[in-house]
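Here is what each chain is made of, one letter per residue.
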Amino acid sequence: MRHAPVVVHRIFPSGGRQVTLRTASGEQSLGLAHSDEDVIEFLRRAGMPDPDDVVLGSTELVEWDADTPHVYEADPPTDDLP
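None of the values given here were measured: they were computed from a predicted structure.

Quick notes on the rules
Residues numbered from 1 in each chain as written. Predicted model: local features only at pLDDT ≥ 70, side-chain atom pairs only at ≥ 80, totals over all residues. Heavy atoms only, no water. Phe/Tyr/Trp six-rings, centres within 6.5 Å; stacked < 30°, edge-to-face > 60°. Buried < 20%, exposed > 50% of the residue type's maximum accessible area, 1.4 Å probe, protein only. Salt bridge = Lys/Arg side-chain N within 4 Å of Asp/Glu carboxyl O. Helix = DSSP H or I, 4+ residues; strand = E, 2+ residues; numbered from the N terminus. Pairing = 2+ DSSP bridges. Axes fitted to C-alpha atoms, helices over the stretch in contact; angles between N-to-C directions. Contact = heavy atoms within 4.5 Å.

Visitor: Can you break down the packing of aromatic side chains residue by residue, with the values?
Guide: Evaluated as defined, the whole model comprises one aromatic pair. Ring centres of Trp64 and Tyr72 lie 6.4 Å apart, and the angle between their planes is 75°; this geometry places the pair in the edge-to-face category. Each member of the pair, Trp64 as well as Tyr72, carries the same accessibility label: buried.

Rendered as structure tokens:
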């Protein structure tokens with residue numbers, strides 16, 4: 001089973017998503033993203049060619065873990081308190 005080299009993990013309750021890069025030697029944390037622009041910058045710094053296309057295009061290079069792709073903020077609580 002092949003895994004995408006870039007993983008954008010589930011949204012933290014406080015917002016943001018951890019981004020990691022899988023390599024032959026293991027997983028490297030790239031940072032905490034609050035937008036697609038953050039993910040693009042992390043990938044640019046890591047040396048990935050065409051990071052805009054990788055993040056914004058239809059590609060199998062990015063795995064969006066657990067939550068909706070391109071969303072970085074947790075849903076507010078929906079308590080119906082008076």
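Visitor: Which residues make up the pattern of salt bridges, and what values do they have?
Guide: With the rule as written, the count across this model stands at four salt bridges. Two residues, Arg22 and Glu63, come together in a salt bridge whose shortest N-O distance is 3.2 Å. Highlighted residues: Arg22 in strand β2 (residues 17–23) and Glu63 in strand β4 (residues 62–64), separated in sequence by 41 residues. The shortest N-O distance in the salt bridge between Arg45 and Glu41 comes to 2.9 Å.

Visitor: How would you sum up the sheet that holds β4? Please name residues and give values.
Guide: Taken together, four strands build an open sheet; the order of strands is β3-β2-β1-β4 and the sheet is mixed. Of all strands in the sheet, those bounded by a partner on one side alone are β3 (26–33) and β4. Within this sheet the neighbouring strands show an average axis-to-axis angle of 20°, counted without direction. Relative to β4, strand β1 (residues 6–11) runs parallel, the two being bridged by three bridges. Within β4, the residue paired with Val8 across the bridge is Trp64. Strands β1, β2, β3 and β4 of the sheet are contacted by helix α1 (residues 36–45), whose axis makes an angle of about 140° with β3.

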